Structures are given as structure tokens and as C-alpha cells.
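Survey of secondary and tertiary structure
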Amino acid sequence: MAQDIVAFINFKGGTTKTTSAVFTAHVLHELGRRVLYVDSDPQGSALSWNEDAPQPFPFTVIGLPTKALHNELRDFAAGYDAVVIDTPPLEQKSGVVVSALRVATLAVVPVAPTPIEYKRLALAVETVNDVADLRADGQPPPLAVLLTRTIPNAISTSTYRDQITNDGLLVIGSTVGRLEIFSQADGDNITNATATAYGDAVAELQHRGLIK
Ligand SMILES: Nc1ncnc2c1ncn2[C@@H]1O[C@H](COP(=O)(O)OP(=O)(O)OP(=O)(O)O)[C@@H](O)[C@H]1O
Ligand SMILES: [Mg+2]
């Protein structure tokens, strides 16, 4: 299998899983990795983003909205260094998400620094921990929380960073602001993703040894 299999997960819908997965895949591509993007959400948001964009994404994009993803990926991932898996909301399609987590080398949970998203973070963490028994290594995949839709200079960013860190979770230092470049990105091509907060997030994850 690929060196890196990064799954973007969250309990809720609309929490920037797809945006984060697409930007991260572009960063990894720009860094020279051979990237496979797996859209496991039956909504196919990333598939349609790729179709709508003026140019196809510069890496392979496939749809695998199935609970057998952990088995099927073995064939599809051959020849790729890094697989990015975009998942449906856990509350709707937990079987697909669990399947992705069975083979993930890293789970990234994008979370806005708000009470409602913080409360639901615990449910995503629980799912990641529970998947340990289904994995070859018997361990849950490493988990990193990515704060997204942050407001510049707002106290909420540091409040939730401290809270989540106190809960014993890794919070990525780089935060993704609530910005037009992200909210308007769907259907467009992305250039120089490495220069965005996602580039900093990937660099930190590499530094921590969580991404090659
Ligand atoms: N950093 C950001 N700032 C502002 N808006 C954002 C940001 N990132 C994503 N968005 C917007 O938030 C909405 C949800 O994002 P996205 O579709 O990536 O979430 P999702 O978790 O994949 O949703 P779903 O569960 O429906 O698949 C979209 O309208 C998107 O454009
Ligand atoms: Mg999505």
C-alpha cells in the first residue's frame, strides 16, 4: 500500500472535510508525491469539483463510496505514495468511515473552534479509537485535529486549541482561516496550495513524522 493514507473525517457534515482533503492532496502533489484522491462520500463532492474545474486535478481522483474500501484500496493504491481519503459524515455513513480508518496511517479531523463542533469531536475520536481492533496493527491510527474556519485574532482559536490539547489530542499548529480562497474554491483549480495554511499543516505533519 501507499506510504501515507490520510483520511479526513468528522461526525458532522459541512465541516470542511472535502475542502481540506482537496487542498491537502494538492499540497502533497506539489511536493512531488504520487497522489491518489479517494472520494468515499456517496455525494461525490470532490468528484464533481474535479469535473467542474477548468483543468482536471493534477492527480488521480476516484470514487469508492463503500464499506469495503479497506479491501478495495489495496488494488487501487498500487503505484501511489500518498492516498487522501475524503469521507462522508460519520453520523450518516459510519461504515464507510470505519472502513477508511482501518487502513489510514493518519486521521485528520477538521474542526471549527465552536462549542458545537468541539462537542462532536469526541464522537470522531471515539470512532478512531474503536477501530483499533479492526486494524492489522491493533492500534488506532494517529489523529490530528485541524482548526478550520478560524477568525483572525479571535480568542476562540486559542481557547479551543488549549481545550483540545488538554483533552490529550494533537492540534496542528497551522489553522485554516474562514476565507474566500477556501469557501469559493469548489469547481476551480488550485495552484500553489503549499503557500496556504494547508501547506504549513502538511509541513508540520511531516516534521512530526505523521506524513512522509
Ligand atoms: N476555510 C474556510 N472558510 C470558509 N468557508 C469554508 C472553508 N473551508 C470550506 N468552507 C466552506 O464550508 C462548506 C463546507 O465545506 P466542505 O464541503 O469542504 O465540508 P464537508 O465536511 O466536506 O461537507 P460534507 O459533509 O457535506 O461532505 C463549503 O461551502 C465550503 O466552501
Ligand atoms: Mg465533503
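Above: the structure in question.
The structure displayed is predicted, hence computed values, not measured ones. (Residues numbered from 1 in each chain as written. Chains lettered and ligands numbered in written order. Predicted model: local features only at pLDDT ≥ 70, side-chain atom pairs only at ≥ 80, totals over all residues. Heavy atoms only, no water.)

Description of the site of ligand 1
Taken together, 17 residues surround ligand 1, and among them T15, K17, T18, T19 and G177 come closest. The contact in question runs from an oxygen atom of ligand 1 to an N or O atom on the backbone of T15, over 2.9 Å. Interatomic distance of 3.0 Å between a backbone N/O atom of S183 and an oxygen atom of ligand 1. Isolated, ligand 1 exposes 630 Å² of accessible area, and the fraction of that covered by the protein chains is 77%. Put simply, the parts of the chain that give the shell around ligand 1 at least two residues each are α1 (17–30), β8 (176–177) and α7 (180–183). Counting residues per element, the shell around ligand 1 draws most heavily on α1, which supplies 3 residues. Across the shell around ligand 1, the residue classes break down as 4 nonpolar, 9 polar and 4 charged. (Near = heavy atom within 4 Å. Polar contact = N/O pair within 3.5 Å; in protein donor to acceptor, adjacent residues only side chain to side chain. Areas by Shrake-Rupley, 256 points an atom, 1.4 Å probe, with all protein chains shown as cover. Helix = DSSP H or I, 4+ residues; strand = E, 2+ residues; numbered from the N terminus. Nonpolar A, V, L, I, M, F, W, Y, C, P; charged D, E, K, R; others polar.)

Thoughts on the packing of aromatic side chains
Taken as a whole and assessed by the stated rule, the structure comprises 7 aromatic pairs. Ring plane angle 50° and centroid distance 5.5 Å describe the contact between F57 and F59, whose orientation is recorded as tilted. Take F57: its relative accessible area is 5%, and that puts it in the buried class. Arranged with centres 5.7 Å apart and planes meeting at 50°, the rings of Y118 and Y160 form a pair that is tilted. Separated by 42 residues along the polypeptide, Y118 in helix α5 (residues 115–130) and Y160 in helix α6 (residues 155–166) bring together distant segments of the chain. With a relative accessible area of 16%, Y160 lands in the buried category. (Phe/Tyr/Trp six-rings, centres within 6.5 Å; stacked < 30°, edge-to-face > 60°. Buried < 20%, exposed > 50% of the residue type's maximum accessible area, 1.4 Å probe, protein only.)

Quick look at helix α3 (residues 69–76)
Taken residue by residue, α3 has L69, H70 and L73 as its buried positions. Angular distribution of buried residues about the axis of α3 spans 90°; they occupy a single face of the element. In this structure, the buried side of α3 is in contact with β1 (4–8), β2 (35–39), β4 (82–86) and α4 (94–103). (Arc of directions from axis to C-beta. Contact = heavy atoms within 4.5 Å.)

Digging into the environment of T194
Residue position: T194 is located in the loop between α7 and α8 (197–207). With relative accessibility at 28%, the residue T194 sits in the partly exposed group. Along the chain, T194 and L28 lie 166 residues apart, while their C-alpha atoms are 8.3 Å from each other. When residues no more than four places from it in sequence are discounted, the contact partners of T194 are V27, E30, G199 and D200. A polar side-chain atom of T194 sits 2.4 Å from a polar atom in the side chain of E30.

Focus: the packing of α1 against helix α2 (residues 45–52)
Relative to each other, α1 and α2 sit at 55°, their axes nearing to 10 Å. On the basis of the axis angle, α1 is oblique to α2. For the element pair α1 and α2, the recorded crossing hand is right-handed. Here T18, T19, V22 and F23 of α1 lie close against α2, whose contacting residues are S45, A46 and W49. The class makeup of the residues in the contact of α1 with α2 is 4 nonpolar, 3 polar and no charged. (Axes fitted to C-alpha atoms, helices over the stretch in contact; angles between N-to-C directions. Parallel < 35°, antiparallel > 145°, perpendicular 65-115°, else oblique. Left-handed = near helix turned anticlockwise from the far one by under 90°.)

Remarks on the pattern of salt bridges
Between side chains of opposite charge, pairing is possible as soon as their charged atoms come close. All told, the structure shown has 5 salt bridges when counted by the stated rule. With its nearest N and O atoms 2.9 Å apart, the salt bridge here joins R149 to E117. Remark: E117 occurs in helix α5 and R149 occurs in strand β6 (residues 143–150); sequence separation between them is 32 residues. The same class applies to R149 as to E117, namely buried. The shortest N-O distance in the salt bridge between R208 and E204 comes to 3.0 Å. Note on E204: relative accessible area 18%, which makes it buried. (Salt bridge = Lys/Arg side-chain N within 4 Å of Asp/Glu carboxyl O.)

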